[in-house]
Structure formats: structure tokens, C-alpha cells
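This is what each chain is made of:
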Amino acid sequence: MRTATITRKTNETAIEITVTLDGTGRHDNQTGVGFFDHMLDQLARHALIDLTIRCDGDLHIDDHHSVEDVGIALGQALTQALGDKRGIRRYGSFHLAMDDALIRAALDLSGRPYLVWDVEFPTQKIGSFDTELVREFFQALSTHGGITLHVTKLAGINSHHIAEAAFKAVARALREAVEPDPRQSDAIPSTKGTL
């Protein structure tokens, strides 16, 4: 089973995440940040991973620590669930259209974290959620998941649509990358022999 549970506790957050890569998109995410929960649900649903997240964070300060720390823990859970990455496709990319928004996401489960983020939002808030936290989440996910991740906004005028399209595009790219490759089911997808 390609599954993992990560528990992370700091003075700012207490988090438990369970991820199953070979899932159906089931999700039960409770971070205390409504818009972020909605985005995490989209990530699970469109990556076809099962995802359960509990986060008790210092929301009396703001949402930043909760969003970033969930990204850290989710990256760690993905790394643990993937193991040595034997038999996976490794790469994934997707163009996702959502109304006015068009997002391109491409990623490599390389073990070498790197984020290229070319996404601007027309507003600083989506409801009470800071739009800058979308990048913070993906930076933490990339760093702690060992993911080379490029996310580019090709079009978009509505901040909600842009953010949601970004989560869905990354989800679809991740779905492709973690899928078993039937042509090399027992091979690590690297000439180095390790990822």
C-alpha cells in the first residue's frame, strides 16, 4: 500500500495527515481555514489520492502557519508514501481551464525541490484568505516533497478561479506522476538508479 501518516507538532500547529496514493479522491480535511480546506479537497479529488488532514493552528494570529505547515507535512507524507519511487511515471503536467483562468502545472518527483511560481492574483484576498498563501503552500509542498514544480498562470481575472485552477492543475500533474508505469513497473525512473 502506498500510504503514509505524518504527525507534526510545533508551538504554532499540530497536524496529522494521512495520504493514500492509490485512492479514489476521498477527502476529509479540517484545518480551520475554510477556503484552504476547499482547495485541499480539490487536490485530493483531482489527484485521485485519499487525503485526511487535521490541523489545529494558531489562527488567532493568522492563517500563515497552518497553510505552510500543512504543505510541509503533506510533502513529507508524499515522500514517505512514494518510498524509493520504483515503478512510477515520475513526471506529470497539465493545462487546466476554469472559467477565465488557465493554469499550466508541470512537475518532477526528482527529489530536488524547486518551485517556479508565475502566478499573480488581481486581489490580495479571497474572502478572508490571503492569496499570497497559495504560493506559500506550494513552496512548502515542493521543498518537503522533493518536487520540482512549475506553475504558470496563462490567463485569469478572478482570484478564486486562479487559485482553484492552480490546485487542480497541480493535482492532475501529481496524479500522472505518481501513477505506476506498466512499462517499467520494477524500475526506478532515473539513469542514476535512485531518486
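Predicted, not measured: the structure shown is a model, and the values here were computed from it.

### Digging into the sheet that holds strand β7 (residues 114-118)
With mixed pairing, the four strands of this open sheet are ordered in space as β5-β6-β10-β7. The open sheet has two free edges, formed respectively by β5 (91-98) and β7, since each of these has just one partner strand. Along the sheet, successive strands turn relative to each other by an average axial angle of 10°, direction set aside. Packing against the sheet, helix α4 (residues 159-178) makes contact with β5, β6 (101-108), β7 and β10 (148-155), and its axis sits at approximately 150° to β5.

### Observations regarding the pairing of strand β2 (residues 13-20)
Looking along a regular strand, one sees side chains alternate from face to face of the sheet. Alignment of strand β1 (residues 3-9) against β2, held across seven bridges, turns out to be antiparallel. Directly across from A4, in β2, lies its bridge partner V19. Counted along the chain from β1 to the antiparallel partner β2, the turn is three residues long. Here eight bridges tie β2 to strand β4 (residues 50-57), and the two strands are oriented antiparallel to one another. The residue bridging I15 from the neighbouring strand is C55, located in β4.

### Structural notes on the pattern of salt bridges
For the structure on display, the rule yields ten salt bridges. Measuring nitrogen to oxygen at the nearest pair gives 2.7 Å for the salt bridge that ties D50 to R26. With D50 in strand β4 and R26 in the loop between β2 and β3 (27-30), the pair connects residues that are 24 residues apart, well separated along the chain. The exposure class of R26 is exposed, given its relative accessible area of 56%. Salt bridges sharing partners connect three or more residues here, namely R89, R175 and E179.

Rules behind the numbers
- Residues numbered from 1 in each chain as written.
- Predicted model: local features only at pLDDT ≥ 70, side-chain atom pairs only at ≥ 80, totals over all residues.
- Heavy atoms only, no water.
- Pairing = 2+ DSSP bridges.
- Helix = DSSP H or I, 4+ residues; strand = E, 2+ residues; numbered from the N terminus.
- Axes fitted to C-alpha atoms, helices over the stretch in contact; angles between N-to-C directions.
- Contact = heavy atoms within 4.5 Å.
- Salt bridge = Lys/Arg side-chain N within 4 Å of Asp/Glu carboxyl O.
- Buried < 20%, exposed > 50% of the residue type's maximum accessible area, 1.4 Å probe, protein only.

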